[in-house]
Amino acid sequence: MSVSPRLNLIGAGRVGQTLGQLWQRTGVLQVQDVLTTSPASAQAAVAFIGGGRAVATLNDMRPADYWLIAVPDRQIAASAQALAGRDLLPATVFHASGALAAAELAPLQAQGWAAASAHCILSFATPAAAVQQLAGTPCALEGDAAATAALQPLFTAIGACCFPLASDYKLRYHAAAVFATNFLPVLQATAEALWRDSGMPSELLPTLRASLLRKAVDNLLALGPAGALTGPAARGDTALVQRQGQAVSQWDAQAGAAYAALSELAARLARHGQL
Ligand SMILES: NC(=O)c1ccc[n+]([C@@H]2O[C@H](COP(=O)([O-])OP(=O)(O)OC[C@H]3O[C@@H](n4cnc5c(N)ncnc54)[C@H](OP(=O)(O)O)[C@@H]3O)[C@@H](O)[C@H]2O)c1
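Once a new chain begins, its residue numbering starts again from 1 and follows that chain's sequence as written. Selection of residues for local features in this predicted model requires a pLDDT of at least 70, selection of side-chain atom pairs for listing and counting requires 80 or more, and totals for whole chains, interfaces and linings are taken over all residues. Hydrogens and water are ignored here; the side-chain numbers use all heavy atoms of the structure.

### Some points on the overall build of the chain
Operational definition: A run of H or I in DSSP becomes a helix once it reaches four residues, and a run of E becomes a strand once it reaches two; helices and strands are each numbered from the N terminus. Working definition: with a 1.4 Å probe on protein chains only, accessible area under 20% of the residue-type maximum means buried, over 50% means exposed, and in between means partly exposed. The contact criterion used throughout is that any non-hydrogen atoms of two residues lie within 4.5 Å. Method for areas: the Shrake-Rupley scheme with a 1.4 Å probe, in which residue coverage is limited to the protein chains shown.
Counting its regular elements, the chain contains eleven helices and eight strands. Once the C-alpha set of the chain is aligned to its principal axes, its extents read approximately 70 × 40 × 35 Å. Going through the 275 residues of the chain one by one, you find that 38% of them count as buried. Counted over contacts in the chain with a minimum sequence separation of 6, partners at least 24 positions apart contribute 59%. With the model as given, the accessible surface of the chain reaches about 14,900 Å², and the carbon-plus-sulfur share is 58%.

Next up, the structure:
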């Protein structure tokens, strides 16, 4: 019987536990050693993953075929530096950040390790939800060719849809996800504050929120961004756009600047059908 390659996890929160459980359960990889910030959380991660051994320090981790550094972004470089300090035989190392490139792992690359980043475009809200939702998720692979070639079948085996991403475009690519999801609540909060400050009864807001958002999503899915676009900028009514922009600026200067910038993008979208 063939033995699955071994995976060590440095960091096993939402992403580490999700990927760890999926690979362990499918037998694609065998989770070996798991390091977090405390023995208790490492033990809980091992229990969720259904395999592996919780360790207390980096020095307790045994050599492995794959190392996933799934710590918060700001800790990735320090974790790679610390791992390089072990002077192990080179293996494949990867992190899961959408914004940062494989170059965060430079100290290991300098020792001959194959390094990559692998970013699944999914909100890993909880590991229990994410293991159900990962199949079908696009996954951006970036970094050393040997590492991305080795990782592609591992991610494909758990249902991710891999695509290559150039290192220089990682920040731009991740900003797109911010536009697609993170800004939506900001836009909604701005609209609701404006409605409240225009005298609209607050009990109407929940109904308005649900109906407008649902219809906007339905239209977007059916017609695409350009087809679903409505409003004064889309109609080319620049005089109204300006007057409305001034009214928003008087209410809140930052919201006014956002209104002006988004109106220009809306006009471009209406004119050209794309940005
Ligand atoms: N969450 C998402 O939706 C999402 C989506 C795509 C990509 N990502 C990326 O995935 C990576 C991990 O994010 P996450 O959401 O899984 O983070 P998380 O849930 O906060 O988990 C971070 C893990 O790292 C551990 N940790 C922190 N500092 C450490 C250190 N110095 N040494 C060892 N372990 C350490 C934590 O330990 P404790 O368990 O003890 O706290 C925890 O297990 C990030 O690069 C992030 O950008 C996240």
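### Comments concerning the packing of aromatic side chains
Applied cut-off: Aromatic rings from Phe, Tyr and Trp, with only the six-membered ring used for Trp, were paired whenever their centres fell within 6.5 Å, and each pair was classed as stacked if the ring planes differed by under 30 degrees, edge-to-face if by over 60, and tilted otherwise.
Under the counting rule described, the total for this entry stands at six aromatic pairs. Plain terms: the ring middles of Trp23 and Phe155 are 5.0 Å apart, the flat faces sit at 80° to each other, and that makes the pair edge-to-face. Of this pair, Trp23 sits in helix α1 (residues 14–26) while Phe155 sits in helix α6 (residues 145–157), and the two are 132 residues apart along the sequence. In this pair, the class of Trp23 matches that of Phe155, namely buried. Ring centres 6.2 Å apart and planes at 80° place the aromatic pair Phe94 and Phe155 in the edge-to-face group. With Phe94 in strand β5 (residues 92–95) and Phe155 in helix α6, the pair connects residues that are 61 residues apart, well separated along the chain. Note on accessibility: Phe94 and Phe155 belong to one class, buried. One aromatic cluster is present, formed by Trp23, Phe94 and Phe155 through successive ring pairs.

### Notes on the site of the ligand
Heads up, the condition is: Any residue with a heavy atom lying within 4 Å of a molecule or strand is counted as near it. By the criterion applied in these results, polar contacts are pairs of N or O atoms within 3.5 Å in which, for protein atoms, one can donate a hydrogen and the other can accept it, and in which residues neighboring in sequence qualify only through two side-chain atoms. Here a cavity is any set of points on a 1 Å grid over the protein atoms alone where a 1.4 Å probe fits but cannot get out, and a pocket is any open set with protein on both sides within 12 Å along at least 5 of 7 lines; a residue lines the site when it has an atom within 4 Å of a point. What decides whether a molecule sits in a cavity or pocket is whether more than half of its atoms lie within 2 Å of the grid points.
Taken together, 24 residues lie near the ligand, and Val15, Thr37, Ser41, Asp73 and Phe124 sit nearest. Here Ala12 contributes a backbone N or O atom positioned 3.0 Å from an oxygen atom of the ligand. Here the ligand, which alone exposes 910 Å², has 75% of that area covered by the protein. According to the grid-proximity analysis, the pocket containing the ligand is the second largest pocket.

### As for the confidence of the model for the chain
Defined as follows: Per-residue confidence from the predictor is given as pLDDT, running between 0 and 100.
When the pLDDT values of the chain are averaged, the result is 97; 100% of them are 70 or greater. At the level of individual helices and strands, the chain shows its lowest average pLDDT in helix α9 (residues 232–235), which scores 92, and its highest in strand β4 (residues 66–69), which scores 99.

### A short note on the layout of surface pockets
Selection criterion: Grid points are joined across faces, edges and corners, and a volume is the space filled by probe spheres set on the points. Residues are grouped as follows: nonpolar covers Ala, Val, Leu, Ile, Met, Phe, Trp, Tyr, Cys and Pro; charged covers Asp, Glu, Lys and Arg; every other residue, Gly included, is treated as polar.
Here the largest pocket defines a volume of roughly 2,200 Å³. If you trace the largest pocket, you find 39 residues lining it, with Leu184, Leu187, Leu229, Thr230 and Leu262 closest to the centre. Elements that contribute at least two residues to the lining of the largest pocket include exactly α7 (170–197), α8 (205–228), α9, α10 (238–251) and α11 (253–272). Tallied by class, the residues present in the lining of the largest pocket amount to 30 nonpolar, eight polar and one charged. Put simply, the second largest pocket is a space of about 1,100 Å³. Together, 38 residues line the second largest pocket, and Arg14, Val15, Val71, Pro72 and Asp73 are the ones closest to its centre. When contributions to the lining of the second largest pocket are tallied by element, the ones reaching two or more residues are α1, α3 (73–84), β6 (114–120) and α7. Top contributing element to the lining of the second largest pocket by residue count: α7, with six residues.

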